[in-house]
Amino acid sequence: MTLGTRHHLRKAGAASLLVLALTASLLAATSSSVEAGDEVGATSPTARRSSCADVLLVGVDGNGQGPKRGKTFGPAVGRFAGTYARQLGRGRSVQEKRLAVRTPKLATLTARHLSGKPAADSIRKASLRRWLAPVPQARKAVIATLDAAATSCPEQQFVLVGYAQGARAVHGALGTLRERPYGGRIVAGVLISDPGHRKGIEVRLGRKVDAPPAPSDTFGVWNICTTGDLVCAPGRTAFRPAVATAQRYHRSTPTVTKVRAAVLDRARRWPAPKPAITVRAALVDAPIQIALQADATASTRPGAQWTATSALPPGVTLSPTGVLSGAVSTRGQWAITYTVAGTAPATTPHSGQVVLTVSDGATSVSSGGQVTCATDGGGGATCWGANQFGQLGNGTTAGSAAPVAVAGTGWQSISTSGGSTCGIKVDGTLWCWGLNNFAQLGIDKTAPQKKPRQVSPGTAWSKVSTSWFNTCAITTGGDLYCWGQNLRGAVGTGGTSRLVARPVLVGPAGAGWLDVSTGGWHTCAVRGDGTMWCWGQNTFGQVGNATAGVQTAPVQVGPATNWRQVSTSWGHSCGVTGAGEMACWGINKDGQIGTGTLDDAWSPQPVGAGQVWTSVSAGDASTCALNSGAQTWCWGGNRYGQLGTGTNVGSAVPVLASALPALTSLTSGWMHACGLAGPVPMCWGSNEAGQLGASGTPPTARSAAVSSADAARAHDVVRRGAVALRLSPAAQVESEIGDRPAVSATARRKAKKSFTAKVMTFNLLGSQHTAPTGDRPDWAPGRIRSEWASSLITSRDGSLVGLQEIQPDQVTSLNAATEGRYTFFPGTSMGYAGAPQSIMWRTADWTPVWTDTVTIPFMRNQPRPQPVVRLRNNASGQELYFINAHFSPGSMESDRRRATAIIIRTIRKLQKDGLPILLTGDLNDNHRVFCQVTGKTKLRAALGGSNNGSCKPPAGRRVDWIFGSVGAFGQIAISQGSQVRRTTDHSVHDVPFSVQ
């Protein structure tokens, strides 16, 4: 998870099993107050699916409160709203919006103090007027906000939360809002320390206050007010206790929890489609029965009523209970819209959609990257999933969880890499489309192509295979041609070059090639004589011989002469022989070669002995194969359910994919797989780009790496950072972290308890560098490198990790790859400004006590926030500070000197708290920074070195550093092996850190 994220999207399981058929040719209640102890508590379809969250939570702060860095609301409103959004977000999406109204602090209300008198007697009417002055403006802002939201998001529900003057503004607005046409969509008003409460200071001083609107089964008003609160229930409480009570709502209490649960219940009394878009497929004339689902409370779900709002396909009906049934006699695709509404109680409707594709059945299916494509018996081709390069072939760059028609007809077979796609038509012509930065399309290097372009007119083709960087195809005469990136020899021409722009012959003419498969940076193919040949990068043994490095021309793999099929991925290869035997070779960090170990293999290793295998398909961390009984067996990593077992448990040996029916073909992408169940394709595994078709489960990734709220927060952080950089380092650090919370007495007592944790620093190489338009486009894209980074962190048992260069999309990907076991800060919460310096800590090991940032100059004095966090070790209770930094590179020495001074001032400030301090980072310096940090603070380098008057940096030092104090480092490991080198251009450092 990412601390500070304010948008909570509907979540879905990682291991979903989806059935997807493709079209042959797409045509296209009760009282609202609660007494508890000393407290009284109480879209249009298109808009909903895109920019509109299910619930808009509007908060209005009071008593001068405002959000701390990385937060949306002030402490009192945030205590209620943050947890509410997370809990409701388990089933629905929530957008939080703060109305920025400046309110006087409580001191304005308490200008005089009558000793010995009840606190309320100290309040004058004039003081109350001044304290309440912003309320009319805030009330108008609440009404205007909901008026605008109700127009732009006509199905959205609303929850209003206010504190002090904010509570009074919400109180005053509710009467008007409930009379609006959209008033029935308001779920709740939560009034925290409301001066207009029936026992509040306004009533006490004789002001007339209208009561809030009456509650209903779908609406309520809750007052959260502690007896003795100067603002909402002063009674005869003395002055100091009354003031203290009014300022104590940042704490969680049983009443806050009870009110939050009641408001959650109210919101879920509105049935809402789950998911909003359901993708289903069927065969012509086959029975259809789709039971639509709704998120609702157990009591209201039985009364949910469904109504079709668009024309249904001929022969299909939608029952009031939400069952879509019938049979369709013609091929095509229908977008069926409907609404679901509650009847007991009655609620406004929410819209959903069913995308129904009816076809004669698919004849081939191909998965690559985060894309799936298929052809059908009518000559049509469809693709779905990611589409940033036009790889779906429909003339757009819009991704789709539903199949979209590839332009053109007469398709016979298809192959997609996730970046580019190629297909062969029944007339033998070859066509390619999508990413083309290395001439992957065989038409010279061009911009991405959104529609098919013909390759080598006049040549007849029988088979094609695409990878992220290059493509190979076999002609009907059995000759093999390859093209695309050739920096690692993957084209097989006998040399290396940046790219090969047009198809070139590989191996001898007339070799009668039978099969070919392009991996990340290597290629394998089977000749007509049954021999296996591979070429390209061989860092893990994926080429199948014992020679590490680059093989620029085909080399034979073992002596066998009965190979008939091969499949490759980023780092491993597998093949099947004519006798039904199977072997794999290459990287094995996740058990993907199926030998029962995690050791890489540099030559073919037998897998699944005793079975007769018909085909095999290699993903990134996993592999699947079909046996002669049409059973699917898979092995390797399984964090996304790509083994098809219905679990997320990996296996280093083949296991039966018991969640799958009998399949007739098989294909793997990076983290998902698909196969044909008769004429019907099935897909399983990761669905974050919609590559499974999203049947019953929406894509799990955010639609944008940085939300508008995160971007706004980033702008504010940078703006304030620019102001801070004008100060001296000492003044700047005081202004940025001088208000950190004091170390509690409990934390000081537990400071004597011991713990050991593995600390890492890891420059991940930002995805902007490895994008097709970046300066390192020959590297694997950021998404798949996040998978490899996760394996590096997990294999090293990283507990505290300082990251550098990581971009928001990589934060999201790494969070998915580590299966939510880590918390990130700033993560995406400060957009592109904060993400590149993110810290991650294992949630089972650490609890955040305080999170903040200090600003340093980066890339020629641009303000860049660096995270500073205080964490509590869950086992020992010991707390520590963790700082992570990334300094400017190259000739920008002035940036580095100022950054060093700021970080040192930060450390010196934190040292006064007596806690251990860790500093990690890519500091882009291997000498001066060591001398400065160890000479001016109590920190010492994990790598060693000394600074006792004479600075002696450690041998073997690099620009990546780990420093610490009040503890001891164990043996540091600096890794730059093959797994690290394919992930990042830096070394990875890890070291145990112990506090005794």
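Conventions we followed
- Residues numbered from 1 in each chain as written.
- Predicted model: local features only at pLDDT ≥ 70, side-chain atom pairs only at ≥ 80, totals over all residues.
- Heavy atoms only, no water.
- Helix = DSSP H or I, 4+ residues; strand = E, 2+ residues; numbered from the N terminus.
- Buried < 20%, exposed > 50% of the residue type's maximum accessible area, 1.4 Å probe, protein only.
- Areas by Shrake-Rupley, 256 points an atom, 1.4 Å probe, with all protein chains shown as cover.
- Lys, Arg positive; Asp, Glu negative; His and termini not counted.
- Charge placed at Lys NZ, Arg CZ, Asp CG, Glu CD.
- Domains from an automatic or database assignment.
- Contact = heavy atoms within 4.5 Å.
- Buried area = accessible area lost by both parts, 1.4 Å probe.
- Salt bridge = Lys/Arg side-chain N within 4 Å of Asp/Glu carboxyl O.
- Polar contact = N/O pair within 3.5 Å; in protein donor to acceptor, adjacent residues only side chain to side chain.
- Pairing = 2+ DSSP bridges.
- Disulfide = S-S within 2.5 Å.
- Axes fitted to C-alpha atoms, helices over the stretch in contact; angles between N-to-C directions.
- Parallel < 35°, antiparallel > 145°, perpendicular 65-115°, else oblique.
- Left-handed = near helix turned anticlockwise from the far one by under 90°.
- Nonpolar A, V, L, I, M, F, W, Y, C, P; charged D, E, K, R; others polar.
- pLDDT = per-residue confidence, 0-100.
- UniProt positions renumbered as here; feature names shortened; annotations may be inferred.
- Core = buried A, V, L, I, M, F, W, Y, C linked by side-chain atoms within 4.5 Å.
- Arc of directions from axis to C-beta.
- Patch = residues over 30% accessible without salt bridge, like charges linked within 9 Å, V, L, I, M, F, W, Y side chains within 5 Å.

Caption draft 1: Spotlight on the overall build of the protein. A tally of helices and strands in the protein yields 18 helices and 60 strands. Sorting the 996 residues of the protein into buried and exposed places 60% on the buried side. For the protein, the accessible surface area stands at approximately 34,500 Å², while carbon and sulfur atoms represent 52% of it. Separation of charge centres in the protein, based on 97 positive and 54 negative side chains, amounts to 10 Å.

Caption draft 2: Main features of the domain arrangement of the protein. The assigned domain composition of the protein is domain 1 (124–196 + 206–227), domain 2 (272–293 + 302–359), domain 3 (362–685) and domain 4 (756–995). At the interface, 5 residues of domain 1 touch 7 residues of domain 2. Carbon and sulfur atoms make up 52% of the area that domain 1 and domain 2 hide from each other, which totals about 460 Å². The interface formed by domain 1 and domain 2 includes 0 salt bridges. Put simply, domain 1 and domain 2 have 2 residue pairs in polar contact (both at pLDDT 80 or more) between them.

Caption draft 3: Region of the structure containing helix H14 (residues 808–817). Across the 10 residues that make up H14, a large majority, 7, are buried. Those residues of H14 not exposed but buried are Pro-808, Gln-810, Val-811, Ser-813, Leu-814, Asn-815 and Ala-817. Each element contacted by the buried residues of H14 is listed here: helix H12 (767–770), helix H13 (782–795), strand E47 (800–804), strand E48 (822–825), helix H15 (831–834) and strand E49 (839–842). Just downstream of H14 lies Glu-819, where phi reads positive at about 55°.

Caption draft 4: Representation of the pattern of salt bridges within the structure. Going through the model one piece at a time under the given rule, you end up with 28 salt bridges. Its salt-bridge partner being Arg-180, residue Asp-147 comes within 3.0 Å of it at the nearest N-O pair. Here Arg-180 lies in the loop between helix H5 (165–178) and strand E8 (186–192) and Asp-147 lies in helix H4 (residues 135–152), a separation of 33 residues in the sequence. By relative accessible area, which is 26% here, Asp-147 ends up partly exposed. Taken together, the shared-partner salt bridges in this structure form one network comprising Arg-639, Glu-688, Arg-783 and Glu-787.

Caption draft 5: Local environment of the pairing of strand E50 (residues 846–858). Of all 13 residues making up E50, 10 are buried, and the element is well covered by its neighbours. For E50 and strand E51 (residues 862–873), the ladder comprises 12 bridges, and the chain directions are antiparallel. Counterpart to Phe-858 in the pairing with E51 is Gln-862. The antiparallel hairpin formed by E50 and E51 contains 3 residues in its connecting segment, where Met-859 sits at a positive phi of about 50°.

Caption draft 6: Just the state of the cysteines, in detail. Taken as a whole and assessed by the stated rule, the structure comprises 10 disulfides. Bridging Cys-225 to Cys-232, the disulfide has an S-S length of 2.0 Å. Taking the sign of the S-S torsion, 95° for the link of Cys-225 and Cys-232, the bridge is right-handed. We note that Cys-225, like Cys-232, is buried. Here Cys-624 engages in a disulfide with Cys-634; their sulfurs sit 2.0 Å apart. A torsion of 110° about the S-S bond marks the disulfide between Cys-624 and Cys-634 as right-handed. Taken as a pair, Cys-624 in strand E40 (residues 622–627) and Cys-634 in strand E41 (residues 632–636) lie far apart in primary sequence, 10 residues in all. Taken individually, Cys-624 and Cys-634 each receive the classification buried, so the pair is uniform in this respect.

Caption draft 7: Layout of the packing of helix H10 (residues 729–737) against helix H16 (residues 893–911). For the pair H10 and H16, the least separation of the axes is 9 Å and the interaxial angle reads 55°. With respect to H16, the axis of H10 lies oblique. Regarding H10 and H16, the two cross each other, and that crossing is right-handed. Two secondary-structure elements touch here, H10 through Pro-729, Ala-730, Gln-732, Val-733, Glu-734 and Ile-737 and H16 through Arg-898, Ala-901, Ile-902, Arg-905, Thr-906, Lys-909 and Leu-910. In terms of residue class, the contact of H10 with H16 is made up of 7 nonpolar, 2 polar and 4 charged.

Caption draft 8: Just the confidence of the model for the protein, in detail. For the protein, the average pLDDT comes to 89, and 92% of its residues sit at 70 or higher. Considering only residues more than four positions removed or in separate chains, one finds that residues 1–50, a stretch of pLDDT under 50, has 211 contacts. Low confidence marks residues 698–704, where pLDDT is under 50. Its contacts with residues over four positions away, or in another chain, come to 19 contacts.

Caption draft 9: Representation of the UniProt feature "domain: Endonuclease/exonuclease/phosphatase" (unreviewed entry) in the protein within the structure. The UniProt record marks residues 760–966 with the feature "domain: Endonuclease/exonuclease/phosphatase" (unreviewed entry), using the residue numbering of this structure. The annotated region residues 760–966 carries 29% helix and 33% strand content, and the separation between its end C-alpha atoms amounts to 18 Å.

Caption draft 10: Up close: the sheet that holds strand E23 (residues 411–416). On the basis of which strands lie adjacent, the open sheet formed by 4 strands has the order E23-E24-E25-E26 and antiparallel pairing. The sheet is open, and its two borders are formed by E23 and strand E26 (449–455), each paired with just one other strand. Shown here is a sheet whose adjacent strand axes are inclined to one another by a mean of 20°, direction ignored. Two elements, E23 and strand E24 (residues 420–425), share 5 bridges in a ladder whose sense is antiparallel. Within E24, the residue paired with Ile-414 across the bridge is Gly-423.

Caption draft 11: The arrangement of the nonpolar core in detail. Of all hydrophobic cores here, the largest spans 72 residues; its most connected members are Phe-80, Tyr-84, Leu-177 and Val-263. Leaving out residues up to four positions away in the same chain, Phe-80 has contacts with Val-161, Val-190, Ile-192, Ile-224, Val-256, Val-259, Arg-260 and Val-263. Listed in part, the 31 residues of the second largest apolar core include Ile-856, Leu-910, Leu-915 and Ala-941.

Caption draft 12: Representation of helix H3 (residues 125–132). The complete set of buried residues in H3 reads Ser-127, Leu-128, Trp-131 and Leu-132. Angularly, the buried residues of H3 cover 125° about the axis, an arc narrow enough to put them on a single face. Those residues of H3 hidden inside the fold are in contact with H4, H5 and helix H6 (201–204).

Caption draft 13: Representation of a positive patch on the surface within the structure. Residues Arg-124, Lys-125, Arg-129 and Arg-130 make up a contiguous surface patch of positive charge. Along the polypeptide, Arg-130 turns up in helix H3.

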